Amino acid sequence: MQLEFSEDDERFRQAARDWLAANAPTDTPPYDGQPARDYALSWLAKCHAGGWSGIGWPREYGGQSLAPSKLILWYEEYVRARAPSVLDCTFVSVNHAGPTLIALGTDEQKTFHLPRILEGKSVWCQGFSEPGAGSDLASLSTTGRVEGDEIVVNGQKIWTSFADIADYQELLIRTDPEQKRHRGLSWVICDMESPGITVRPIRNMAGVTHFAEVFYDDVRIPLSNVVGGLHDGWRTAMTTLGFERKTAAMGVQLALSIRIEDLIARAEPTPGSAMAERLADLRAEGAALRAMTYRTIFREPANPSEGSLMRLYFAELAQRIAQASMDVLGPEALTDTALTHDYLEAYSETIAGGTAEIQRNIIAERILGLPRE
Ligand SMILES: Cc1cc2nc3c(=O)[nH]c(=O)nc-3n(C[C@H](O)[C@H](O)[C@H](O)COP(=O)(O)OP(=O)(O)OC[C@H]3O[C@@H](n4cnc5c(N)ncnc54)[C@H](O)[C@@H]3O)c2cc1C
């Protein structure tokens, strides 16, 4: 897909390119713990000082009200500059907690949290999944008992990315025990320093503590921390996931093409060889993903479930690229810590944010019109 950009777009692109060339760090960021937090917050603070944090947010909340078509130029330049992955511990705050507060938060919530997020002063995590509720999120069982002007929370979350270094959490709980499934839930802002919270980091097979279990033992949260209405949390959660699945994914998707180009440059395949063919296929797939990303930005999808097509294609392509890096570079890849890290982490791509099986179910039922499972 070839798109034409206006002169104004090209000026914007050049400004982004110049700023990133002068400011973006290109070293490998720490993967977890306090060093990951310090690195990510300092990079976000630098972006903020340069006027580049939360650029898609409305102006009145500190952003630049940029249209998605401009945002895509920013992300293209961002990945070209090999700036730090947007999937760091500030991803939740900038890309979906902040936008959820803008859409459904109270004035008090917005005034307190939005500047802290954009200035790189707070880290958020997402407490949705539980041991018995992942793909079937509506079956969650962490409870919130309303007592006066507080909610008393008991239960457990799991796989909460960056919970050990987060200040706040998007916490989804059952506040009305009489209601079932999607009804009777609430989305609340949980201060991770609250008494009664225990965070137990989980080490994954890449050797990093990217996520954690979180236990809640009579944790008291002010009722004023409910976002989008008491017992109406499913609507808020869908708003959050909508942000996560649309514009927030752009930077991650576009970064795949750069990884393919870097692999090609490093492997120096002989033209016509099997390796060259495999890398050419990956380059074509990267271009296809880019075209799909553009399409969702430039036209309203005919079917809201189209996001699942892109999510699935992205996840499986990320795994193919990681596998190709290992195969093509051989022993050299094993001595490259960043590459082995990416390879091991790629296994989680078809689980996080909705598994490949669930995406296939959505595509089958809601796009292809096949019978429900
Ligand atoms: C790296 C990573 C980061 C994460 N970060 C967060 C986070 O920050 N916050 C958060 O809340 N969660 C997070 N998660 C959790 C993630 O959302 C869940 O792992 C995911 O939704 C799947 O849920 P589950 O693990 O409970 O698996 P389950 O839902 O128990 O599924 C187990 C298996 O059964 C299959 N399956 C389930 N239902 C069906 C069905 N109807 N049809 C066909 N197959 C089915 C699944 O595809 C899977 O293979 C993260 C996960 C990963 C891997």
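Scoring rules and cut-offs
Residues numbered from 1 in each chain as written. Predicted model: local features only at pLDDT ≥ 70, side-chain atom pairs only at ≥ 80, totals over all residues. Heavy atoms only, no water. Salt bridge = Lys/Arg side-chain N within 4 Å of Asp/Glu carboxyl O. Helix = DSSP H or I, 4+ residues; strand = E, 2+ residues; numbered from the N terminus. Buried < 20%, exposed > 50% of the residue type's maximum accessible area, 1.4 Å probe, protein only. Near = heavy atom within 4 Å. Polar contact = N/O pair within 3.5 Å; in protein donor to acceptor, adjacent residues only side chain to side chain. Areas by Shrake-Rupley, 256 points an atom, 1.4 Å probe, with all protein chains shown as cover. Nonpolar A, V, L, I, M, F, W, Y, C, P; charged D, E, K, R; others polar. Domains from an automatic or database assignment. Contact = heavy atoms within 4.5 Å. Buried area = accessible area lost by both parts, 1.4 Å probe. Axes fitted to C-alpha atoms, helices over the stretch in contact; angles between N-to-C directions. Parallel < 35°, antiparallel > 145°, perpendicular 65-115°, else oblique. Left-handed = near helix turned anticlockwise from the far one by under 90°. Phe/Tyr/Trp six-rings, centres within 6.5 Å; stacked < 30°, edge-to-face > 60°. Lys NZ or Arg CZ within 6 Å of the ring centre and 35° of its normal. Core = buried A, V, L, I, M, F, W, Y, C linked by side-chain atoms within 4.5 Å.

A few words on the pattern of salt bridges. Close approach of charged atoms lets side chains of opposite charge pair. For the coordinates displayed, the defined rule picks out 27 salt bridges. The salt bridge partner of Glu 76 is Arg 13, with a shortest N-O separation of 3.1 Å. In this pair, Glu 76 is assigned in helix 3 (residues 68-80) and Arg 13 in helix 1 (residues 7-23), connecting sequence segments 63 residues apart. In this structure Arg 13 comes out as buried when scored by relative accessible area, which is 11%. Among the salt bridges present, the one from Asp 167 reaches Arg 37, with a minimum N-O distance of 3.0 Å. With Asp 167 in the loop between strand 3 (150-161) and strand 4 (168-174) and Arg 37 in helix 2 (residues 33-49), the pair connects residues that are 130 residues apart, well separated along the chain.

Near the ligand there are 18 residues, and of these Gln 126, Ser 135, Trp 159, Thr 355 and Glu 357 occur at the shortest range. Between the ligand and the protein, one listed contact pairs a nitrogen atom with a backbone N or O atom of Gln 126 at 2.7 Å. In this structure, an oxygen atom belonging to the ligand sits 3.0 Å away from a main-chain N or O atom of Phe 128. Notes on the ligand: free accessible area 970 Å², of which the protein chains cover 68%. Among the elements of the structure, strand 3 and helix 12 (356-367) are those that each provide at least two residues to the shell around the ligand. The class makeup of the residues in the shell around the ligand is 6 nonpolar, 10 polar and 2 charged. The residue makeup of the shell around the ligand includes at least three contributed by each of domain 2 (124-231) and domain 3 (246-367).

This paragraph deals with the environment of Gln 253. With respect to the secondary-structure elements, Gln 253 resides in helix 7 (residues 250-267). Looking at Gln 253, the relative accessible area reads 6%, which means it is buried. Separated by 34 residues in sequence, Gln 253 and Val 219 have C-alpha atoms that sit 37 Å apart.

This part takes up the domain arrangement of the chain. For interface size, the figure often reported is the accessible area lost on association. Along its sequence, the chain is organised into domain 1 (7-118), domain 2 (124-231) and domain 3 (246-367). Relative placement of domain 1 and domain 2: their C-alpha centres are 26 Å apart. Contacts between the two partners involve 21 residues from domain 1 and, on the opposite side, 19 residues from domain 2. Here domain 1 meets domain 2 over a buried area of about 1,600 Å², counting both sides, of which 61% is carbon and sulfur. Considering only the side of domain 1, the residues that lose the most area to domain 2 are Asp 32, Arg 37 and Gln 109, jointly responsible for 27% of the buried surface there. At the boundary of domain 1 with domain 2, the tally comes to 1 salt bridge. Only helix 2, helix 4 (91-104) and helix 5 (107-118) provide two or more residues apiece to the side of domain 1 that touches domain 2. When residues of the side of domain 1 that touches domain 2 are assigned to their parent elements, the largest contribution, 7 residues, is made by helix 4. Residues of the side of domain 1 that touches domain 2, tallied by class, amount to 9 nonpolar, 8 polar and 4 charged.

Here we take up the side chain of Gln 156. Residue position: Gln 156 is located in strand 3. At 3.1 Å, the side chain of Gln 156 and the side chain of Glu 213 are in polar contact. Excluding anything up to four places from it in sequence, Gln 156 contacts Glu 130, Pro 131, Thr 142, Glu 213, Val 214, Phe 215 and Tyr 216.

This next bit is on the packing of helix 7 against helix 8 (residues 274-298). Two elements in contact, helix 7 and helix 8, have axes whose closest approach is 9 Å; the angle formed by their N-to-C orientations is 160°. On the basis of the axis angle, helix 7 is roughly antiparallel to helix 8. Here helix 7 and helix 8 pass one another in a crossing that is left-handed. Together, Met 250, Gln 253, Leu 254, Leu 256, Ser 257, Ile 260, Glu 261, Leu 263, Ile 264 and Ala 267 of helix 7 and Met 275, Leu 279, Leu 282, Arg 283, Gly 286, Ala 287, Leu 289, Arg 290, Thr 293 and Ile 297 of helix 8 make up the contact between the two elements. In terms of residue class, the contact of helix 7 with helix 8 is built from 13 nonpolar, 4 polar and 3 charged.

With that out of the way, let us pick up the environment of Tyr 168. Here Tyr 168 is to be found in strand 4. The spacing of Tyr 168 and Ser 122 is 46 residues in sequence and 7.6 Å in space, taken between C-alpha atoms. Residue contacts for Tyr 168: discarding those within four places in its chain leaves Phe 112, His 113, Ser 122, Val 123, Trp 124, Cys 125, Ile 189, Cys 190, Asp 191 and Met 192.

Inspection of the entire model under this criterion finds 10 aromatic pairs. Taking 6.5 Å as the distance between ring centres and 85° as the angle between the ring planes, the aromatic pair formed by Phe 112 and Tyr 168 counts as edge-to-face. Pair noted here: Phe 112 is in helix 5 and Tyr 168 is in strand 4, with a separation of 56 residues, a long-range link. Here Tyr 168 falls in the buried class, since its relative accessible area comes to 13%. The structure contains a cluster of three or more aromatic residues connected by ring pairs, namely Phe 12, Trp 19, Trp 43, Trp 52, Trp 74 and Tyr 78. Note that Arg 13 overlies the ring of Phe 5, its terminal NZ or CZ placed 5.5 Å from the centroid. Here the basic side chain of Lys 70 rests over the ring of Phe 12, its NZ or CZ set 5.9 Å away from the ring centre.

The nonpolar side chains of a soluble globular protein tend to be buried, and buried together. Of all hydrophobic cores here, the largest spans 49 residues; its most connected members are Leu 20, Trp 43, Trp 52 and Trp 74. Mapped onto this core, the elements with two or more residues apiece are helix 1, helix 2, helix 3, helix 7, helix 8, helix 9 (306-329) and helix 11 (337-346). When residues of this core are assigned to their parent elements, the largest contribution, 11 residues, is made by helix 9. When residues of this core are sorted by domain, at least three fall in each of domain 1 (7-118) and domain 3 (246-367). When near neighbours in sequence (up to four residues on either side) are disregarded, Leu 20 contacts Trp 43, Trp 74, Glu 77, Tyr 78, Ala 81 and Ala 83.

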